[in-house]
Amino acid sequence: MKLLKTLVSFVVGTVAGALGSKLFGPFGAVLGFIAGGVAAWWAAQRIGLFE
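A quick note: this is a predicted structure, and the numbers were derived from the prediction, not measured. (Residues numbered from 1 in each chain as written. Predicted model: local features only at pLDDT ≥ 70, side-chain atom pairs only at ≥ 80, totals over all residues. Heavy atoms only, no water.)

Draft legend 1. Region of interest: the overall build of the chain. A count of helical and extended segments in the chain gives two helices and zero strands. Counting all 51 residues of the chain, 24% fall into the buried class. Residue pairs at least 24 apart in sequence account for 43% of intrachain contacts in the chain once pairs closer than 6 positions are excluded. By element, 78% of the accessible surface of the chain is carried by carbon and sulfur atoms, the whole surface being about 4000 Å². (Helix = DSSP H or I, 4+ residues; strand = E, 2+ residues; numbered from the N terminus. Buried < 20%, exposed > 50% of the residue type's maximum accessible area, 1.4 Å probe, protein only. Contact = heavy atoms within 4.5 Å. Areas by Shrake-Rupley, 256 points an atom, 1.4 Å probe, with all protein chains shown as cover.)

And the structure:
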């Protein structure tokens, strides 16, 4: 389950990073990746998918 959680966080972070990069350039990519990872972790905790 830990590997699945990591994979989901990475995928969401990558998508958010790509969108941030498109909108704000390289700085937006870094912020988008971090924000996407945090959002994926938070969503996983809320729905209890990885308990």
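Draft legend 2. Geometry of the environment of Trp42. Along the chain, Trp42 turns up in helix α2 (residues 26-47). Taking relative accessible area as the criterion, Trp42 reaches 52% and is therefore assigned exposed. Put simply, Trp42 and Ser9 are 33 residues apart on the chain and 9.7 Å apart in space, counted from C-alpha to C-alpha.

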